[in-house]
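The primary structure of each chain is shown beneath.
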Amino acid sequence: MHFVDLAKQYKTIQQEIHSAIDRVFQNGVYIGGAEVEACEREMANFLHVKHALSVNSGTDALFLALKALDIGPEDEVITTPFTFIATAEVIANIGAKPIFVDIDPRSFNIDPEKIEEKITKKTKAIMPVHLFGQAAAMGEIMKIAKQHRLFVIEDACQAIGAEYKGKKLGAIGDIGCFSFFPAKNLGTYGDGGLVVTNNAHLAEKLVLLRNHGSSEKEKYRHLILGTNSRLDAIHAAILRVKLKFLNRWNAKRIEHAKKYTKILSLVPEIILPVTLRHFNGKNFSHVFNQYTIRVKRRDALRKYLADAGIPTMVYYPLPLHLQPAFSYLKHKKGDFPESEHTVREVLSFSIYPELSLKEQRSIIQNIKKFFAK
Ligand SMILES: *Cc1c(COP(=O)(O)O)cnc(C)c1O
């Protein structure tokens, strides 16, 4: 059994992918052009935003978002220590300081109650992460941002298609960032990313930044310093095929999650992932990039399942403030107790759309067996 079997999904859309790739090869335009533009239009429509700009990766999406907002040395950006490293890495790489705020252990997302105490004169932005596919507390976060005149950059890399009170995640803050890494809910067969905004000025700047500060209209005239961060036409074509299936695939993930939750709720030792009700409880408020439980005997359960041939993952084993790469921030154990407690208890089970009934049954049976011992 694989934790995520990406080839299974490929086989269901093989014909369409082949003809999309062939179309790109035949057209002879491999960077930019009509394919990329069409992909961006379709993404903008899907996400209900004015501007969707494709880039090289989710990491670049976050980096260019900060750059477009002129965030740099001397600035502080508030984020969560319980996320993939890229979120805080880009803040540090642009020369700003990541300021961590502990999580709400129920949602695994940044605790809005603890944000204001971390705001200083240097704070420029809040970067919430919609971890595992569930919205951060965007209502509270937007309110705080407005009061203190801060930008909001949503790290929606794990949450494409999810909503918060009827709005698509990524479309609520000043800028939203997505990743098309293969194992994300919408992934290509390689790297890719997307930046979205409703602000025309920011969109214009992002277009320049991703292409060496040069606009398509005037080649070899460089208005600002940018970089090379473009989505290849071939990935744009692949994503156009896959976008049409995203709602169906997300619905599948939600269906798997319901099944896990229904049966595992009978195991008292397990704390199940909650879809917070005040985010309106609608179908797509959590799109389950991961199905993550909390359990005291995590490592023993993980080993038991591995011995039975069932792969699981720990997202994430170490909070960012205790990562060697961030030792210069001089954090210590105990600084963010909820995150530190969480990393010892989290365990994620397979939840990709093509996971079969039989496979899920076997995962659930083995979990039950472990606790029955
Ligand atoms: C995947 C991911 C990223 C980075 O995306 P890449 O496309 O791999 O660069 C950033 N933040 C979060 C929360 C992610 O899950």
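Going by the structure above, here's the rest.
Within any chain, residue numbers begin from 1 and follow the written order of that chain's sequence. At least 70 in pLDDT is required for a residue's local features to be given in this predicted model, at least 80 for side-chain atom pairs to be given and counted, and no such filter applies to totals for whole chains, interfaces and linings, which use all residues. With hydrogens and water stripped out, all remaining heavy atoms of the structure feed into the side-chain values.

Draft legend 1. Up close: the sheet that holds strand β1 (residues 51-55). Strands are labelled as partners when DSSP assigns at least two bridges between them. Put simply, DSSP H or I for four residues or longer makes a helix, DSSP E for two residues or longer makes a strand, and each gets a number counted from the N terminus. The seven strands are arranged β1-β9-β8-β5-β4-β2-β3 in an open sheet whose pairing can be described as mixed. The open sheet has two free edges, formed respectively by β1 and β3 (97-100), since each of these has just one partner strand. Pairwise comparison of adjacent strand axes, ignoring direction, gives a mean angle of 25° for this sheet. With two bridges connecting them, strand β4 (residues 123-127) and strand β5 (residues 151-155) associate as parallel partners. Each residue of the ladder has a partner; that of alanine 125, found in β5, is phenylalanine 151. Across the face of the sheet, helix α3 (residues 58-68) comes into contact with β1, β2 (76-79), β4, β5, β8 (175-179) and β9 (193-197) while running at roughly 160° to β8. Residue contacts follow a heavy-atom distance rule, with two residues in contact if any of their heavy atoms lie within 4.5 Å. To get an axis, a line is fitted to the C-alpha atoms, and for a helix only the part in contact is used. The angle between two axes follows their N-to-C directions and goes from 0 to 180 degrees. Across the sheet, helix α6 (residues 200-209) touches β1, β8 and β9, and the angle it forms with β1 is around 20°.

Draft legend 2. The sheet that holds strand β11 (residues 291-295), seen in detail. The sheet built from three strands is open, its strands ordered β10-β11-β12 with antiparallel pairing. Both outer strands of the open sheet, β10 (270-271) and β12 (346-349), are each paired with one neighbouring strand and no more. Of the strand pairs in this sheet, β11 and β12 are connected by four bridges, and their pairing is antiparallel. Opposite isoleucine 293, over in β12, you have leucine 347 as the bridge partner. Seen against the sheet, helix α9 (residues 298-307) touches β11 and β12 and runs at an angle of roughly 25° to β12.

Draft legend 3. Representation of the nonpolar core in the model. Counting 36 residues, the largest nonpolar core has Phe82, Tyr260, Leu264, Tyr291, Ile293 and Phe349 as its most contacted members. Ranked by the residues each element gives to this core, the list is headed by helix α11 (residues 357-372), at five residues. Domain start and end points were adopted from an automatic or database domain assignment. Each of domain 1 (6-101 + 110-243) and domain 2 (246-372) accounts for three or more of the residues forming this core. With near-sequence residues (within four places) excluded, tyrosine 291 lies in contact with Ala257, Tyr260, Thr261, Leu264, Leu272, Pro273, Leu347, Ser348, Phe349 and Ile351. Among the buried residues, those of types Ala, Val, Leu, Ile, Met, Phe, Trp, Tyr and Cys that are joined through side-chain atoms within 4.5 Å form a nonpolar core. Remark: exposure states derive from per-residue accessible area (1.4 Å probe, protein chains only) relative to the maximum for the residue type, with buried under 20%, exposed over 50%, and partly exposed in between.

Draft legend 4. Representation of the site of the ligand within the structure. A molecule or strand has a residue near it when one of that residue's heavy atoms lies within 4 Å. Near the ligand you find 15 residues, and of these Gly58, Thr59, Asp155, Ser179 and Lys184 are the closest. Residues adjacent in sequence count toward polar contacts only when both atoms are side-chain atoms; beyond that, a polar contact is any pair of N or O atoms within 3.5 Å, and within protein one must be able to donate a hydrogen and the other to accept it. A distance of 2.8 Å is found between an oxygen atom of the ligand and a backbone nitrogen or oxygen belonging to glycine 58. Summarising the interface, the protein chains cover 92% of the accessible area of the ligand, which totals 380 Å² for the free molecule. Breaking the shell around the ligand down by element, the ones donating at least two residues are α3 and α4 (86-93). A total of three residues in the shell around the ligand trace back to one element, the largest contributor, which is α3. In this count, Pro and Cys sit with the nonpolar residues alongside Ala, Val, Leu, Ile, Met, Phe, Trp and Tyr, while Asp, Glu, Lys and Arg are called charged and the others, Gly among them, polar. By residue class, the composition of the shell around the ligand is five nonpolar, eight polar and two charged. Accessibility throughout is a Shrake-Rupley quantity obtained with a 1.4 Å probe, and a residue counts as covered only by protein chains that appear here.

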